[in-house]
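Observations on the model geometry
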Amino acid sequence: RPCPTHSDAMSDDPLPPPYAPLFQHPSKQVWRYSGKHAEGKAKEMVVMGGVHGNELLGVEVVRFLRAKLEANPQAAESMKGNLTLGIGNPPAVAIGKRATEASADLNRCFAAAKLIDDMPRYEEKRSRELAPLLSSADILLDIHATNKPGPCFVRIAGSLEEGHHRVLQHLREASHKLLDPDYILGGGVATTDEYVGQNGGVGICYETGQASDLSRLESIKAEVLNVLKDEIELTFPDTSYLTGTDADAMARQTFILRESILLEGLGTFEWAPGMGRTNFEFVPANVPFGYHKGVPVSRPYDLSLVFPKVEELFVPGKPIVWLAESRAGKCV
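Cut-offs used in this document
Residues numbered from 1 in each chain as written. Predicted model: local features only at pLDDT ≥ 70, side-chain atom pairs only at ≥ 80, totals over all residues. Heavy atoms only, no water. Pairing = 2+ DSSP bridges. Helix = DSSP H or I, 4+ residues; strand = E, 2+ residues; numbered from the N terminus. Axes fitted to C-alpha atoms, helices over the stretch in contact; angles between N-to-C directions. Expected span 1.5 Å × (residues − 1). Buried < 20%, exposed > 50% of the residue type's maximum accessible area, 1.4 Å probe, protein only. Phe/Tyr/Trp six-rings, centres within 6.5 Å; stacked < 30°, edge-to-face > 60°. Parallel < 35°, antiparallel > 145°, perpendicular 65-115°, else oblique. Left-handed = near helix turned anticlockwise from the far one by under 90°. Contact = heavy atoms within 4.5 Å. Nonpolar A, V, L, I, M, F, W, Y, C, P; charged D, E, K, R; others polar. pLDDT = per-residue confidence, 0-100. Salt bridge = Lys/Arg side-chain N within 4 Å of Asp/Glu carboxyl O.

Describing the sheet that holds strand β11 (residues 290-292)
- Within the open sheet, the 3 strands sit side by side as β9-β11-β12. Their pairing is antiparallel. Each of the sheet's edge strands pairs with one partner strand only, and the pair in question is β9 (269-271) and β12 (295-297). Pairs of neighbouring strands in the sheet enclose a mean axial angle of 30 degrees, with direction left out of account.
- Two strands pair when backbone bridges link them, and β11 and β12 are joined in this way by 3 bridges, in the antiparallel orientation. Residue pairing across strands places H292 opposite V295, the latter belonging to β12.

Below, the structure is given as structure tokens:
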């Protein structure tokens with residue numbers, strides 16, 4: 001049986017009804033590949049890029065995997081499980097913007113209220129299309145990038161499970177791990193990976209550097225190939241795989257999200273000199289990192305700034321930066 005793609009509409013391999021329509025239209029930019037299944041439920045693996053349209057590396061990884069699968073249909077047929085590849089926000093990717101409009105964010109649209117409301121914006125509609133697929137995923141690797149420079153890191157929301165550890169051991173470029181047990185990033189379950197976790201799967205957000213930076217593309221392609229080999233036994237001929245456990249990855253720095261800083265109104269916040277330029281920028285206790293209406297903003301603990309927003313993404317009532325605290329010890 002040929003490896004199914006969006007173009008053949010999976011006519012000889014019916015899909016679970018809730019998300020079958022995703023694969024029947026090329027514009028949906030979601031492709032599913034089925035392998036041999038042992039008795040019982042097959043593992044559902046999802047790799048996604050382009051949830052934010054200006055984050056290029058994840059899009060390139062999805063395109064790379066599609067090309068390999070199209071050139072090697074026998075590889076998909078022999079894997080143990082199913083693999084779905086997706087471009088999260090195709091219109092935003094097409095225009096090279098984070099979203100289809102300035103205040104929109106697909107990766108905050110998986111909150112329960114947004115999934116049941118018939119919201120008119122594209123991002124809300126797209127989240128409702130993707131939700132059935134993500135709710136059935138056993139593992140999601142959602143590849144992102146940041147708007148300001150900084151190290152590669154993984155973000156894990158909710159509890160850290162064995163399934164996370166299995167995937168993280170292959171993500172060698174990630175020198176930092178950001179834990180978000182209380183769902184501070186989106187103010188509750190709101191992102192793709194959080195939604196997968198809420199539905200019993202393992203969701204990982206992989207931040208691969210600044211949005212326009214493709215310098216790590218080849219190494220991250222190799223990492224993802226290793227994840228697929230380990231999780232669903234997907235292998236390709238004439239492909240080199242990483243071996244062993246990387247010592248640096250095992251010793252990655254661990255941080256925990258503490259809080260977010262909300263923007264009260266346009267013009268009410270400015271960064272302190274030299275602050276807000278990079279991810280994981282260290283700020284000592286009681287040192288101001290910004291000014292709110294001219295009043296210094298600091299915290300009584302040592303912290304690191306994560307996801308500092310660029311000014312064009314400042315939206316009143318929404319976070320402009322999150323504060324993380326280093327956790328004692330280093331571990332995966």
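Additional details are given in the paragraphs that follow.
Focus: helix α1 (residues 56-71)
- Given a rise of 1.5 Å per residue, 16 residues ought to cover 22 Å, and the 23 Å separating the end C-alpha atoms of α1 matches this to within 8%.
- Those residues of α1 that sit buried are L57, G58, V59, V61, V62, F64, L65, K68 and L69.

Focus on the packing of aromatic side chains
- Following the criterion strictly, the structure yields 6 aromatic pairs and no others.
- Summarising the aromatic geometry, the rings of F110 and Y195 are spaced 5.9 Å apart at their centres and angled 40 degrees between planes, so their arrangement reads as tilted. Of this pair, F110 sits in the loop between α3 (90-95) and α4 (112-116) while Y195 sits in helix α7 (residues 192-198), and the two are 85 residues apart along the sequence.
- The class of Y195 is buried, set by a relative accessible area of 11%.
- A centroid spacing of 5.1 Å and a plane angle of 85 degrees characterise the contact between F269 and W271, whose relative ring orientation is edge-to-face.

Some remarks on unusual backbone geometry
- A positive phi angle, near 55 degrees, is found at D238, a position not held by glycine.
- Taking relative accessible area as the criterion, D238 reaches 85% and is therefore assigned exposed.
- For F307, which is not glycine, the phi dihedral falls at a positive 50 degrees.
- The topology assignment puts F307 in the loop between β13 (303-306) and β14 (319-330).

Considerations on the packing of α1 against helix α8 (residues 217-232)
- Orientation of α1 relative to α8, taken along the N-to-C sense of each, is 55 degrees, at an axis distance of 10 Å. Between α1 and α8, the angle is such that the two are oblique. For the element pair α1 and α8, the recorded crossing hand is right-handed. Contacts from L57, E60, V61, F64, L65 and K68 of α1 reach α8 at L217, I220, K221, V224, L225 and L228.
- Split into classes, the residues belonging to the contact of α1 with α8 amount to 9 nonpolar, no polar and 3 charged.

Looking at the environment of I204
- By the secondary structure assignment, I204 is in strand β7 (residues 202-210).
- Overall, the relative accessible area of 0% leaves I204 in the buried class.
- Sequence separation between I204 and D193 is 11 residues; the distance between their C-alpha atoms is 5.6 Å.
- Apart from the residues within four sequence positions on either side, I204 is in contact with L140, L141, D142, V154, R155, I156, H164, V167, L168, L171 and D193.

Examining the pairing of strand β4 (residues 139-146)
- Where burial is concerned, most of β4 is hidden: 8 out of the 8 residues are buried.
- Of the two faces of β4, the one lined by I139, L141, I143 and A145 and the one lined by L140, D142, H144 and T146 are each fully buried.
- Bridging between strand β2 (residues 44-49) and β4 involves 4 bridges; their strand directions are parallel. Paired with M45 across the strands is I139, a residue of β4.

A short note on the confidence of the model for the protein
- On average, residues of the protein carry a pLDDT of 89, and 88% of them reach 70 or more.
- Contacts from residues 1-15, a stretch scored under 50 in pLDDT, to residues over four places away or in other chains number 32 contacts.

Digging into the pattern of salt bridges
- All chains considered together, the criterion is met by 23 salt bridges.
- For E124, the salt bridge is made with K114, and the minimal N-O distance between the two is 3.9 Å. On the criterion of sequence distance, the pair formed by E124 in helix α5 (residues 122-135) and K114 in helix α4 is long-range, its members being 10 residues apart.
- Residue classification places E124 among the buried residues on the basis of a relative accessible area of 2%.
- A relative accessible area of 26% places K114 in the partly exposed class.
- With a shortest N-O distance of 3.1 Å, E218 and K221 are connected by a salt bridge. Of this pair, E218 and K221 both sit in helix α8, 3 residues apart, which is roughly one turn of the helix.
- By relative accessible area, E218 is classed as exposed at 54%.
- Here the salt bridges do not stand alone but share partners, grouping E55, R98, D105 and R108 into one network.

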